[in-house]
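# Coordinate analysis (summary)
Given next are the chains, with one letter for each unit.
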Amino acid sequence: MWTGVQVQDTISSEISTPLHEALVSHVIPQLIDTAVRVYTKKTMLPTHSVALGQVCVSPDLAAPEAYARSLLTQDFDIESLYLDTIPETARLFHDWWEADDIDFIQVTSGIFRLEELVYSLSAEFVMGLQKPKPANSFSALLVRPPGAQHSLGLLLLSQYFKRYGWQVFSANQFTEEDMAVAVRSEWVDLLGISVSEDRQIPTLKKTIARLRKQSGNPHMLVMAGGPLLRLQPNLAELLGADFSCLRADQAHAQALEKIQQYQNHSGVRSIREP
């Protein structure tokens, strides 16, 4: 393997087991998934994920952004970078760690560098879409439960929604009260919640019911996603949500379709009346 780096013997089995569980549950972004898509420019290849992973765990802090920008100058699609290459790179960290090719510190720093890369390219990604923006300004509150650790998938989801003209309210840490204030004070078309563990379901079900009652939009949609969705395909039903999605582009398409269907049937506006 290319790194030649092995996990240090000082990491005991008692420590590595919970680290493995944390890695699978929290680090690997699963709001999105790889699939065959049609892009405007060239689609990223699996080899690009490998190369991006290598530079993310290298000592050169500037290497990830430099590598990504070099691909974009070769006419590779930035949307493919966000939806294919970056998520696959995060999954590769998991594989390399299980193979003892990198240690957990490198996994953590690698994920952090991927998040830095997303932020660094945010302006190009969000502002670079040439397709017409929606006529209405839809809004989304995208959150994870208090105390949850995974963030890369939710970050990519929020960037994707912004790219397609949505107003997005999101933060690394939202308390339940923060969510309640947000849905009361802002017009929220879509509440998206990323769920990673079974134990979060009872509390989140109550939270969702509360937020629906307090929302200034009586027809606010609720979307469930996150790592737990792979293990619980009926997650939306368990939470009392309207639908669930694994991929950012699929989440956007379904949300847009459902909101527009409601508007067409009811004739209401998507945004708060002045």
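Look up a bit, the structure's there.
Now for a look at the structure at hand. In every chain, residue numbers begin from 1 and rise along the written sequence. pLDDT decides what is reported in this predicted model: residues at 70 or higher carry local features, side-chain atom pairs at 80 or more are listed and counted, and totals for whole chains, interfaces and linings draw on all residues regardless. As a rule here, side-chain values cover all heavy atoms of the structure and leave hydrogens and water aside.

## Some details on the overall build of the chain
Within the chain, the secondary structure is distributed over twelve helices and five strands. Relative accessibility under 20% of the residue-type maximum defines a buried residue, over 50% an exposed one, and the middle range a partly exposed one, all with a 1.4 Å probe and only protein chains included. Looking at the chain as a whole, 51% of its 274 residues are labelled buried. Considering only residue pairs separated by 6 or more positions, the chain has 81% of its internal contacts joining residues 24 or more positions apart. Only the protein chains shown count as cover for residues, and the accessible areas themselves come from Shrake-Rupley with a 1.4 Å probe. For the chain, the accessible surface area stands at approximately 13,100 Å², while carbon and sulfur atoms represent 55% of it. A run of DSSP states H or I qualifies as a helix once it reaches four residues; a run of E qualifies as a strand once it reaches two. Both are numbered from the N-terminal end. The contact criterion used is simple: two residues touch if any of their non-hydrogen atoms lie within 4.5 Å.

## Brief notes about helix α9 (residues 201-214)
To estimate how far a helix should reach, multiply one less than its number of residues by 1.5 Å. Taking 1.5 Å of rise per residue, the 14 residues of α9 would be expected to cover 20 Å, and the 20 Å separating its terminal C-alpha atoms lies within 8% of that figure. By the burial criterion, the buried members of α9 are Ile201, Leu204, Thr207, Ile208 and Leu211. Along the axis of α9, the buried residues cluster in a sector spanning 120°; they form a single face. Facing away from the buried side of α9, by more than 90 degrees, are the exposed residues Pro202, Thr203, Lys206 and Lys213. In this structure, the buried side of α9 is in contact with α8 (176-185), β3 (190-194), β4 (221-225), α10 (228-231) and α11 (235-239). This arc describes the spread of directions from the helix axis toward the C-beta atoms.

## Considering the packing of helix α2 (residues 46-56) against helix α3 (residues 63-73)
As a packed pair, α2 and α3 sit with axes 8 Å apart at the nearest point and diverge in direction by 155°. Judged on the interaxial angle alone, α3 and α2 are roughly antiparallel. Relative to α3, α2 is oriented so that their crossing is right-handed. From α2, His48, Ala51, Leu52, Val55 and Cys56 reach across to α3, where they touch Ala63, Pro64, Tyr67 and Leu71. In this count, Pro and Cys sit with the nonpolar residues alongside Ala, Val, Leu, Ile, Met, Phe, Trp and Tyr, while Asp, Glu, Lys and Arg are called charged and the others, Gly among them, polar. A breakdown of the residues in the contact of α2 with α3 according to their chemical character gives eight nonpolar, one polar and no charged. Structural elements are reduced to axes, namely lines fitted to C-alpha atoms, with helices fitted over the stretch in contact, and the angle between N-to-C directions of any two is expressed from 0 to 180 degrees. An angle below 35 degrees is read as roughly parallel, one above 145 as roughly antiparallel, one from 65 to 115 as roughly perpendicular, and any other as oblique. Here a crossing is taken to be left-handed if its near helix is turned anticlockwise relative to the far helix by less than a right angle, and right-handed if that turn runs clockwise.

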